[in-house]
Amino acid sequence: MACCPRLEKRIRDILDSSYCTFILSLFATILSFADPITDILTLVEFYREDHKTWFAVGLAFVVLPCVPFLILMWSVDRSVKETFLCGFNPFSAAWVRLRICWKNFKKCCWDDNSNDDYEDLNDHSNWARLVEAVLESAPQFIIQLYAMSVQQDPVKIIQMISLPVSFLSLAWAFTAFDSDDDSGILEHCNVKQKVVLFVNYLFVLSSRLFAVTFFTVTYKWWIISVLMIHSVLILIVDTIWSYRIQASVFEGWSSYNAVIAPALVFCLTWLRDDMSLTWSNAGTAAEEARVNQRMLSFSNILFVIENCTMIIVFYRFSPFSNTWYSLPVTVCVCSFSVIGAVARVAHLYFVTKNQTRTMLTVQYNRKITQPRLVMNQAGESTKGDSRSDMMTEYVSYV
C-alpha cells in the first residue's frame, strides 16, 4: 500500500508537467480546427443533396459566431488589421488556441517560461471557445442530428465524423471555461476535478441536445419559443435574486459591458446552467458561492423538466415515434438529465465546500501566525524598551 501515494504523486507530476500541458493544448488546437472544417464539409454535402434549408440554417450558424469573435478580438486591444483578419472568420478561436499551443511548445522544448501575454491569450481563448460552442458547435450538432433522423438518403461519413467532433468540442470548451482560474466558477481545479467536470458535461449536454433535436423533429421552429421562454425565465429569476441580496450587478461596468453581458447571458442560458449577472458581484466569496449554487440548482431543475417534457412529446406525438430509436432515446434523455443534474449540483457543492474549508484554514493559520510574528519582531526591535510597549504594539495589531 505504500506505493500508492508515490504512484499517485508520480501521476500528478506527469499530468502537471509541461509535456502534458502541450499535448492537451495540441489536442484542443486540432479539435478547434476540426470542428468548423467538418461543419463546413457537412454543409457542402447538404448543398449537393439539395437540402437547401439545412444548408442555409447551418451556414447561418457558421457565420453567426464571427460577430462575437470580432468583438472579443477588438476588446483585447488588437490592431485593426489583426482584428478583421483573425476575428471575423469561423477559425478565430482556433487561431488563438494555435498561439497558446505554440507557447506551450516553446515552454516544453526550450524551457521558455515567458508569460508576457499568456494569461490574456488563455482568457481570450476560453471566451472565444465558449461563444463558438454555444453559437456554432451546439446548433451544428442539432442540425446534423436532425438531418440524420429525418433524411431518406444514406448518412454520409462526414456527418458521422462531424457529429461527435462538434459534441466533443462543446464539452471540452465548457470544461476548459469552468476550470479556468479567472473566468470559471470552479477555481484551481485539479486533474480529477476536471475529469469529473468533463463527465458531468457529457451527461448534461447529451440529454439537452438530444431533447432539443427530437423536439425540433416534431414541432420544427417552435423550439425557438421554448428556448426563449427558458432564457427569459432565467433572467427574471436572476434579476429578482440580485434585488433581494441588493447586489450591484453593473457596478464598475462600462456602458459597453452593461449591454453586451446581458445579451451574452441571454444567448448562453439555454445550454449553460451557471450563467448569472449576480454571482460575480454578490459580495463576499461565500455569498458568490451561495448565489451560484442556487442558480445552478434552479437551471438544472429547469433542464430536467424541459428535457423530459420535450422528449416525451416526441415519443407520444411525433410521426417518428414508431422508429426503432424512439424508446431508447427517450429513456436515455430522461435518465441522463437526472444523472447530469444531480452530478453537476453535487460536484459544485463539494468543490465549493472544500474551497471554503481551505480558505477558512488559511485565514485561521494567518490569524495564529501573524500575531506571533509581530510579537517576535517587536521583541527584537525593543530589547531596551519596557514590556508594556511590546504589549501595546501587539494589542494594536490584533
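Residues numbered from 1 in each chain as written. Predicted model: local features only at pLDDT ≥ 70, side-chain atom pairs only at ≥ 80, totals over all residues. Heavy atoms only, no water.

Asker: It is not clear to me how the overall build of the protein should be interpreted in this structure. Could you clarify?
Answerer: When helices and strands are tallied, the protein shows 14 helices and 0 strands. For the protein, the succession of helices and strands along the chain, N to C, is α-α-α-α-α-α-α-α-α-α-α-α-α-α. Every one of the 398 residues in the protein was classed for burial, and the buried ones make up 43%. Taking as baseline every contact in the protein between residues at least 6 positions apart, the subset at least 24 positions apart corresponds to 72%. Roughly 21,400 Å² of accessible area belongs to the protein as shown, and the carbon and sulfur atoms make up 66% of that amount. (Helix = DSSP H or I, 4+ residues; strand = E, 2+ residues; numbered from the N terminus. Buried < 20%, exposed > 50% of the residue type's maximum accessible area, 1.4 Å probe, protein only. Contact = heavy atoms within 4.5 Å. Areas by Shrake-Rupley, 256 points an atom, 1.4 Å probe, with all protein chains shown as cover.)

Asker: In this structure, what is going on with the confidence of the model for the protein? I would like to understand it.
Answerer: Regions with low pLDDT carry predicted coordinates that are not meant to be interpreted in detail. Counting all residues, the mean pLDDT for the protein is 76, and 67% of those residues have values of 70 or more. Model confidence for the protein, summarised as mean pLDDT per element, is weakest for helix 14 (residues 387-397) at 43 and strongest for helix 3 (residues 52-63) at 92. Within the model, pLDDT remains below 50 along residues 381-388, and this stretch shows 1 contact once partners closer than five positions in the same chain are excluded. Low confidence marks residues 390-398, where pLDDT is under 50. Its contacts with residues over four positions away, or in another chain, come to 11 contacts. (pLDDT = per-residue confidence, 0-100.)

Asker: Help me out: how do you make sense of the nonpolar core in this one?
Answerer: One recurring pattern in soluble globular proteins: nonpolar side chains tend to sit buried together. Core analysis: the biggest nonpolar cluster contains 51 residues, and L170, F174, L205, L209, F214, W270 and L271 have the highest contact counts within it. Of all the elements, helix 7 (residues 118-150) adds the most residues to this core, at 14 residues. Apart from residues no more than four positions distant in its own chain, L271 is found in contact with A138, L170, F174, L205, R208, L209 and F303. Core analysis: the second largest hydrophobic core is formed by 5 residues, I234, V237, M295 and L302 among them. (Core = buried A, V, L, I, M, F, W, Y, C linked by side-chain atoms within 4.5 Å.)

Asker: Any chance you could explain helix 3 here in plain terms?
Answerer: Since one α-helical turn is 3.6 residues long, residues separated by three or four positions face the same way. Taking 1.5 Å of rise per residue, 12 residues should cover 16 Å, and helix 3 covers 16 Å from first to last C-alpha, within 8% of that figure. Every buried residue of helix 3 is listed here: W54, G58 and V62. Looking straight down helix 3, one finds that the buried residues subtend no more than 70 degrees of arc, so they occupy a single side. (Expected span 1.5 Å × (residues − 1). Arc of directions from axis to C-beta.)

Asker: Help me understand the pattern of salt bridges, please; the structure alone is not making it clear to me.
Answerer: Charged atoms that come close allow side chains of opposite charge to pair. With the rule as written, the count across this model stands at 6 salt bridges. Of the charged contacts, one joins R48 and E45 as a salt bridge, the two residues approaching to 3.6 Å between their closest N and O atoms. Within this pair, R48 and its partner E45 are both found in helix 2 (residues 18-48), separated by 3 residues, close to a single helical turn. Of the residues examined, R48 reaches a relative accessible area of 63% and is grouped as exposed. Judged by its relative accessible area of 18%, E45 falls in the buried class. (Salt bridge = Lys/Arg side-chain N within 4 Å of Asp/Glu carboxyl O.)

Asker: Just checking my understanding: could you explain the state of the cysteines for this structure?
Answerer: What we call a disulfide is simply a covalent bond connecting the sulfur atoms of a pair of cysteines. Inspection of the entire model under this criterion finds 0 disulfides. Of the cysteine sulfurs around C334, a residue in no disulfide, the closest is that of C308, at 3.9 Å. (Disulfide = S-S within 2.5 Å.)

Asker: Looking at this structure, how should I read the packing of aromatic side chains?
Answerer: For any pair of aromatic rings, the description rests on two quantities: the centre-to-centre distance and the angle between the ring planes. Under the counting rule described, the total for this entry stands at 17 aromatic pairs. Each ring, one from Y47 and one from F55, has its centre 5.1 Å from the other, and the planes form 55 degrees; the classification is tilted. An aromatic cluster is built from F141, F167, F210, F214, F314, W324 and Y325, whose rings are joined through pairwise contacts. (Phe/Tyr/Trp six-rings, centres within 6.5 Å; stacked < 30°, edge-to-face > 60°.)

Asker: What am I meant to see in the side chain of D35 here?
Answerer: Summarising the element assignment, D35 is placed in helix 2. Among buried Asp, Glu, Lys and Arg side chains, D35 stands out as unpaired, with R129 the closest opposite charge at 10 Å. Only 2.5 Å separates the side chain of D35 from the side chain of S137, close enough to count as a polar contact. Among the polar contacts listed, one links the side chain of D35 to the side chain of S166, at a separation of 3.1 Å. Residues within four places of D35 in sequence aside, it is in contact with S137, V165, S166 and S169. (Lys, Arg positive; Asp, Glu negative; His and termini not counted. Polar contact = N/O pair within 3.5 Å; in protein donor to acceptor, adjacent residues only side chain to side chain.)

Asker: Just to check I follow, could you spell out unusual backbone geometry for this structure?
Answerer: Generally, phi is negative for residues other than glycine and the peptide bonds are trans, each holding for most cases. Within the chain, D50 stands out as a residue other than glycine whose phi angle is a positive 65 degrees. Relative to the assigned elements, D50 resides in the loop between helix 2 and helix 3. Judged by relative accessible area, D50 falls into the exposed class, the value being 53%. A positive phi angle, close to 50 degrees, is found at K220, a residue other than glycine. Mapped onto the elements of the fold, K220 is located in the loop between helix 9 (191-219) and helix 10 (222-244).

Asker: Where do I start with a nonpolar patch on the surface in this structure?
Answerer: Taken together, the side chains of V67, I71 and F88 define a hydrophobic patch exposed on the protein surface, amounting to about 240 Å² of accessible area. Considering the arrangement of structural elements, one finds I71 in helix 4 (residues 66-75). (Patch = residues over 30% accessible without salt bridge, like charges linked within 9 Å, V, L, I, M, F, W, Y side chains within 5 Å.)

Asker: It is not clear to me how helix 9 should be interpreted in this structure. Could you clarify?
Answerer: Between its first and last C-alpha, helix 9 extends 42 Å over 29 residues, near the 42 Å set by a 1.5 Å rise per residue. Looking one or two residues past helix 9, K220 carries a phi angle of roughly 50 degrees, positive in sign.

Asker: In this structure, what is going on with the packing of helix 8 (residues 157-179) against helix 9? I would like to understand it.
Answerer: In helix packing, the relevant descriptors are the interaxial angle and the interaxial distance, both defined with respect to the helix axes. Remark: helix 8 packs on helix 9, axes separated minimally by 9 Å, with the N-to-C direction vectors making an angle of 135 degrees. Classified by the angle their axes make, helix 8 and helix 9 are oblique. For the crossing formed where helix 8 meets helix 9, the hand is right-handed. Here F167, L168, L170, A171, W172, F174, T175, D178 and S179 of helix 8 come into contact with helix 9, specifically with K194, L197, F198, Y201, L202, L205, S206 and L209. Classifying every residue of the contact of helix 8 with helix 9 by side-chain character gives 12 nonpolar, 3 polar and 2 charged. (Axes fitted to C-alpha atoms, helices over the stretch in contact; angles between N-to-C directions. Parallel < 35°, antiparallel > 145°, perpendicular 65-115°, else oblique. Left-handed = near helix turned anticlockwise from the far one by under 90°. Nonpolar A, V, L, I, M, F, W, Y, C, P; charged D, E, K, R; others polar.)

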